[in-house]
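One letter stands for each residue in the lines below.
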Amino acid sequence: LIQENEQDKLQTLKNVALFIVLSPYDNEQCDLIHHILKEKDLLEIPKYKSLLDQFINQELIDQKKLVQLYGPELKQGSKDSPPTSVFNEKSEDGRQRWEDLKKRVVEHNIRIMAKYYTRVTLKRMSELLDLKVEETEDCLSKMVVDKSVDAKVDRLDGIVHLTKNQDPNEMLNDWSHNISDLMGIVLKTTHLINREEMVHKHMLGL
């Protein structure tokens, strides 16, 4: 019935896009975002498609730009795209969801930092997240407890040590790859030694 009504279909798709972004990050949530992005009808609501893209790109999301770019559309809608009730500013749930969206942006950015940094100062991380140092440390601590990232904070030096949180299969694949590289180096070295010995014997024969 919803598919048969164009307006209902697009409103439902908007809700789907927004609630998947508001959901806590895990493998299932990530897979669902990719699955939703395959929906052709998303092309008719480009702001919502663009919002989903933000959360799968391996780049930092600028919190201020996101609010400026998506805030009016998500809260008030536009002439061609009426708003949903997800971020209704007149309701407590709507205001809370808007704050939750900002939290998801911060969490996304911390995960991206964990991919590219091994260590970063807490001050620099706070600048990138556009948060106070205390807020950054609090959010990071929660993500460490939830095992979303693997990090340790050196409070005396104000440095965050980030390490890649690998699952067992990734660790085995890396180990196998490293062993393969090592064996290649050993074989190459053995070949060079044998060649040097043959050259040396040939020189002695002369």
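Summary of the structure given here. It should be emphasised that the depicted structure is a prediction, and the values quoted were computed from it without experimental measurement.

1. Quick look at the sheet that holds strand 3 (residues 159-163)
For step 1, the next point in the chain: Overall, antiparallel pairing links the 3 strands, which are arranged 1-3-2 in an open sheet. Unpaired on one side and paired on the other, strand 1 (119-121) and strand 2 (150-154) mark the two borders of the sheet. Strand-to-strand twist across the sheet, computed as the mean angle between neighbouring axes with direction ignored, equals 20°.
For step 2, the next point in the chain: Alignment of strand 1 against strand 3, held across 3 bridges, turns out to be antiparallel. Across the sheet, residue Thr-121 finds its bridge partner in strand 3, namely Ile-159.

2. Focus: the pattern of salt bridges
For step 1, the next point in the chain: Under the counting rule described, the total for this entry stands at 10 salt bridges.
For step 2, the next point in the chain: A salt bridge links Glu-99 to Lys-102, with the nearest nitrogen and oxygen atoms 3.9 Å apart. Of this pair, Glu-99 and Lys-102 both sit in helix 5 (residues 92-116), 3 residues apart, roughly one helical turn.
For step 3, the next point in the chain: Note on Lys-102: relative accessible area 29%, which makes it partly exposed.

Parameters and conventions
Residues numbered from 1 in each chain as written. Predicted model: local features only at pLDDT ≥ 70, side-chain atom pairs only at ≥ 80, totals over all residues. Heavy atoms only, no water. Pairing = 2+ DSSP bridges. Helix = DSSP H or I, 4+ residues; strand = E, 2+ residues; numbered from the N terminus. Axes fitted to C-alpha atoms, helices over the stretch in contact; angles between N-to-C directions. Salt bridge = Lys/Arg side-chain N within 4 Å of Asp/Glu carboxyl O. Buried < 20%, exposed > 50% of the residue type's maximum accessible area, 1.4 Å probe, protein only.

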